[in-house]
Amino acid sequence: MGRKILAVVVALIVATAIMIIVEMLNSLQLKPPGNDVLNDPAKLREYMANGPAMAYVVVLIGYVLASFAGGFIVTKMSRQVSSGTTLPLVVGGILTVAGILNYAMLPGQPIWFLVLSLLTFVPVTLIGHRFAR
């Protein structure tokens, strides 16, 4: 049981680190908003809605890489104690919930980005699981 929990935690840490790195690199293209924008929900929604599509595509690629890595790592770390898809599904589900919370905190993101990213986490985590087997 402990190995399974450790595998999920490590997979989530690696997935989060990948997302952070990609978003840091993306901040070179899309400058982060100032405090005046962050403190005003209307300005934040407008800022997010007017962001370049390429910036959102880069973030989506980061989500794909993070989900794949999460599925791969959780499978490799837990394959002695779990051979099914339960743990990759747990990682994908947690990443999906984190994505939903991200949209709640940063309103105004394009709908296409919202839909694609939420549909990305679980399937790509399963693809990472498949590659690890």
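Heads up: the structure comes first, above all this text.
Being a predicted model, the structure only gives us computed values, none of them experimental.

Visitor: What is the right way to look at the environment of alanine 55 in this model?
Guide: Position of alanine 55 relative to the elements: it lies in helix H4 (residues 53–78). Separated by 24 residues in the primary sequence, alanine 55 and lysine 31 place their C-alpha atoms 10 Å from one another. With near-sequence residues (within four places) excluded, alanine 55 lies in contact with Asn26, Gln29 and Leu30.

Visitor: Hey, could you run me through the layout of surface pockets in this one?
Guide: Which parts of space are left empty comes out when a probe the size of a water molecule is rolled across the atoms. In this model, the largest pocket occupies a volume close to 670 Å³. Forming the boundary of the largest pocket are 28 residues, of which Glu23, Val59, Tyr63, Asn102 and Leu106 lie nearest the centre. Counting residues per element, the ones that place at least two in the lining of the largest pocket are helix H1 (2–26), helix H3 (41–49), H4 and helix H5 (86–105).

Visitor: Please clarify how the packing of aromatic side chains should be interpreted in this entry.
Guide: Two descriptors summarise a pair of aromatic rings, namely the distance from one centre to the other and the angle between the planes of the rings. Tallied over the full model, the rule gives eight aromatic pairs. A centroid spacing of 5.4 Å and a plane angle of 70° characterise the contact between phenylalanine 68 and phenylalanine 131, whose relative ring orientation is edge-to-face. Of this pair, phenylalanine 68 sits in helix H4 while phenylalanine 131 sits in helix H7 (residues 121–132), placing them 63 residues apart in sequence. Given a relative accessible area of 28%, phenylalanine 68 falls into the partly exposed group.

Visitor: Mind showing me how you'd approach H7 here?
Guide: Given 3.6 residues per turn, any residue in an α-helix points the same way as the ones three and four places further on. Given a rise of 1.5 Å per residue, 12 residues ought to cover 16 Å, and the 17 Å separating the end C-alpha atoms of H7 matches this to within 8%. All of the buried residues in H7 are Phe121, Val124, Thr125, Gly128, His129 and Ala132. Here the buried residues of H7 occupy an arc of 155° about the axis, which is enough to place them on one side. Pointing more than 90 degrees away from the buried face of H7 are the exposed residues Arg130 and Phe131. Where the residues of H7 are buried, they touch H1, H4, H5 and helix H6 (111–118).

Visitor: Just to check I follow, could you spell out the nonpolar core for this structure?
Guide: One recurring pattern in soluble globular proteins is that nonpolar side chains are buried together. Ranked by size, the top nonpolar core spans 22 residues in total, and within it Val8, Met19, Tyr63, Val74, Val91, Leu95 and Phe113 carry the most contacts. Looking at this core, the elements that each hand over two or more residues are H1, H3, H4 and H5. In contact with valine 74, not counting residues within four places along its chain, are Ala7, Val8, Ala11, Leu87, Pro88 and Val91.

Visitor: Before we go on, may I ask you to explain the packing of H4 against H7 in this structure?
Guide: Helix-helix packing is characterised by the crossing angle of the two axes and by the distance between the axes. As a packed pair, H4 and H7 sit with axes 7 Å apart at the nearest point and diverge in direction by 45°. Relative to H7, H4 is oriented oblique. When the axes of H4 and H7 are compared, the crossing they make is right-handed. Two secondary-structure elements touch here, H4 through Tyr63, Val64, Ser67, Phe68, Gly71, Phe72, Thr75 and Lys76 and H7 through Phe121, Val124, Thr125, Ile127, Gly128, His129, Phe131 and Ala132. Grouping the constituent residues of the contact of H4 with H7 by class yields nine nonpolar, six polar and one charged.

What counts, and where the lines are drawn
- Residues numbered from 1 in each chain as written.
- Predicted model: local features only at pLDDT ≥ 70, side-chain atom pairs only at ≥ 80, totals over all residues.
- Heavy atoms only, no water.
- Helix = DSSP H or I, 4+ residues; strand = E, 2+ residues; numbered from the N terminus.
- Contact = heavy atoms within 4.5 Å.
- 1 Å grid on protein atoms, 1.4 Å probe; cavity = no way out; pocket = protein on both sides within 12 Å on 5 of 7 lines; lining within 4 Å.
- Points joined across faces, edges and corners; volume = space filled by probe spheres on them.
- Phe/Tyr/Trp six-rings, centres within 6.5 Å; stacked < 30°, edge-to-face > 60°.
- Buried < 20%, exposed > 50% of the residue type's maximum accessible area, 1.4 Å probe, protein only.
- Expected span 1.5 Å × (residues − 1).
- Arc of directions from axis to C-beta.
- Core = buried A, V, L, I, M, F, W, Y, C linked by side-chain atoms within 4.5 Å.
- Axes fitted to C-alpha atoms, helices over the stretch in contact; angles between N-to-C directions.
- Parallel < 35°, antiparallel > 145°, perpendicular 65-115°, else oblique.
- Left-handed = near helix turned anticlockwise from the far one by under 90°.
- Nonpolar A, V, L, I, M, F, W, Y, C, P; charged D, E, K, R; others polar.

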